[in-house]
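So you can see what is in the structure, the chains are spelled out below.
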Amino acid sequence: MTSTHPTTLLAALDAAHGLRIGGEAHGAAVLFADCDPATGLPIAQVADGGADAAVAAVDAASAVFPSWAEAAPRARSEVLYAAFELMLAEREELASLISWENGKSLGDARAEVTYAAEFFRWFAEEAARPAGSYGSSPGGGTRTIVTSRPVGVAALVTPWNFPAAMVTRKIGPALAAGCTVVIKPAAETPLTMLAIADLLGRAGAPPGTVNVVPTTDPETVVSSWLADPRVRKISFTGSTGVGRHLLAQAADRVVNSSMELGGNAPFIVAPDADLDAAVDAAMVAKFRNSGQACTAANRFYVHAEVEEEFARRFGDALAALRVGSAFSGADLGPMISRRAVERITASVEEAVASGARIAQQLPRPEDPDDRNGFFFPPTLLVEVRADAAIVSEEIFGPVAPVVRWTDPDEVVALANATEYGLAAYVFSRDLGWALRTAERIEAGMVGINRGVVSDPSAPFGGVKQSGLGREGARQGFLEYTETQYLSVDWS
Ligand code: NAD
């Protein structure tokens, strides 16, 4: 299937009026350029929201909060279900928009839209099943009624790497629980968020339930929200550094916080692993989204007995990838920015200087249209030292460092030698060994003999400095509710 630049959708969005407050598009005195990372050229000028827009968004969200919180759960569910259906019906256009402003391949963008839409369906189902229980105290007499209610206005802050899924994963449970939201999308990908807000309006979300403030000044907008007593929740997805900063600000008013932060996923291959399956999974875990995923395999620990064979097959699979603009049909797109290319280049150079060898690296794309794009070619590094800098930091790019191991205890220690604890992957035909190893790894999610852990029906999230709370599953819904217990004596 071929797709073209979604100019029709873009015209309909009127990005220059891209503040979406109270169900309407508003302009701003200042605009900023949203650029195509495959060419470095601007796609659109977007309204740049500031302190006034931030307050107006909370005004709108808090005005509609009481009626949305009291709406029948089924009514909230139906809005989300309609959004799910609209998103799938408009998948092709939305995927093209994501590819255009984020750079990811159309295959990755289509997969993201499907995944993003699933959060609307999952939470449409959760909305109709509110939590609660009734019981008697052990001593008899009093009755205990436990109910849950929406936290309140929720501030949602999201990254550019999955501009649709990271936000539906928050809007879905927030609206399901009866919260209203103010959203600050990443400045690199505001159009996808505006398209989703427009879609939610058409699905029946009442004006004011979903408000969007694109900005190049996130500090001003988000700190205004965290200081506003009407905002009761912050849900953030992004880097651990910014997450720490927001948690410190949230502490001032004890704002309910959910944090989905950075990762440094180990990918462990045992000597008895099915190597074809491990390489297939490694390709997905490493190269989906050009390696720009928080769950991306960041370091490959391969047993000495199979290291050479694994690297040979992995290198062959990597060599078959096509790098270029999404609209040229490539498998792998550019990095999000020139700065990202420079950072990854420096990491690879440092690894090579400390003894690693480049076993495979694709050439940069040759298409003249791609010359100014932010491309970094997929790269396989072998003979990487266990203490190399490249395995201790989040690469966030298409570079796969392979480290050899021989001792099972040592490989677990290496996997855990990081401040992060988001995802991990274990490959072995011995399921008992794989499960025992997974249980020893400090990570919120472990893929066993598979390279993807994301699933709307499963609790997504990390331990250690990879985050607080979970998204998706029942847990994701509960993040937007507060428990109230009524102690009743009707003797
Ligand atoms: P980032 O932390 O730079 O930005 C994330 C968001 O925070 C953006 O909207 C940005 O504008 C905003 N932001 C930046 N500075 C801010 C400030 N001072 N105050 C308020 N908001 C601010 O991260 P990024 O580069 O956009 O995304 C990549 C990071 O996100 C990686 O570390 C990745 O692992 C992580 N991530 C985590 C998950 C997860 O589910 N755990 C998912 C996707 C990405």
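Residues numbered from 1 in each chain as written. Predicted model: local features only at pLDDT ≥ 70, side-chain atom pairs only at ≥ 80, totals over all residues. Heavy atoms only, no water.

Asks: How do you make sense of the overall build of the protein chain when you look at a structure like this?
Replies: For the protein chain, the count of helices and strands is 15 helices and 20 strands. In summary, the protein chain has a C-alpha radius of gyration of 23 Å against a globular reference of 23 Å for 491 residues, a match within 12%. Taking all 491 residues of the protein chain together, 56% fall into the buried category. Here the contacts in the protein chain between residues at least 6 apart in sequence split such that 73% fall between residues at least 24 apart. Put simply, the protein chain shows about 18900 Å² of open surface, and 53% of that area lies on carbon and sulfur atoms. Here the protein chain contributes 40 positively and 59 negatively charged side chains, and the mean placements of these two sets differ by 4 Å. (Helix = DSSP H or I, 4+ residues; strand = E, 2+ residues; numbered from the N terminus. Rg over C-alpha atoms; globule rule 2.2 N^0.38 Å. Buried < 20%, exposed > 50% of the residue type's maximum accessible area, 1.4 Å probe, protein only. Contact = heavy atoms within 4.5 Å. Areas by Shrake-Rupley, 256 points an atom, 1.4 Å probe, with all protein chains shown as cover. Lys, Arg positive; Asp, Glu negative; His and termini not counted. Charge placed at Lys NZ, Arg CZ, Asp CG, Glu CD.)

Asks: I would appreciate a short explanation of helix H13 (residues 408-416) in the present structure.
Replies: Counting along an α-helix, one turn takes 3.6 residues, and residues three or four places apart therefore face a common direction. Buried residues of H13: Val-411, Val-412, Leu-414, Ala-415 and Asn-416, and no others. Where H13 is buried, its residues contact strand S12 (265-269), strand S13 (297-303), strand S16 (399-405) and helix H14 (431-440). With a side-chain oxygen positioned 3.1 Å from the backbone nitrogen of Asp-409, the residue opening H13 is Asp-407. (Polar contact = N/O pair within 3.5 Å; in protein donor to acceptor, adjacent residues only side chain to side chain.)

Asks: What am I meant to see in the site of the ligand here?
Replies: Around the ligand, a shell composed of 29 residues is seen, among which Thr-158, Glu-219, Ser-239, Leu-261 and Glu-394 lie nearest. One of the backbone nitrogen or oxygen atoms of Leu-261 is found 2.7 Å away from a nitrogen atom of the ligand. A distance of 2.5 Å separates an oxygen atom of the ligand from a polar side-chain atom of Glu-394. Relative to its free-state accessible area of 840 Å², the ligand is covered by the protein chains to the extent of 86%. Those elements that provide at least two residues to the shell around the ligand are helix H6 (165-177), helix H8 (218-227), strand S10 (231-237) and helix H9 (240-253). For the shell around the ligand, the per-class residue count stands at 16 nonpolar, 8 polar and 5 charged. (Near = heavy atom within 4 Å. Nonpolar A, V, L, I, M, F, W, Y, C, P; charged D, E, K, R; others polar.)

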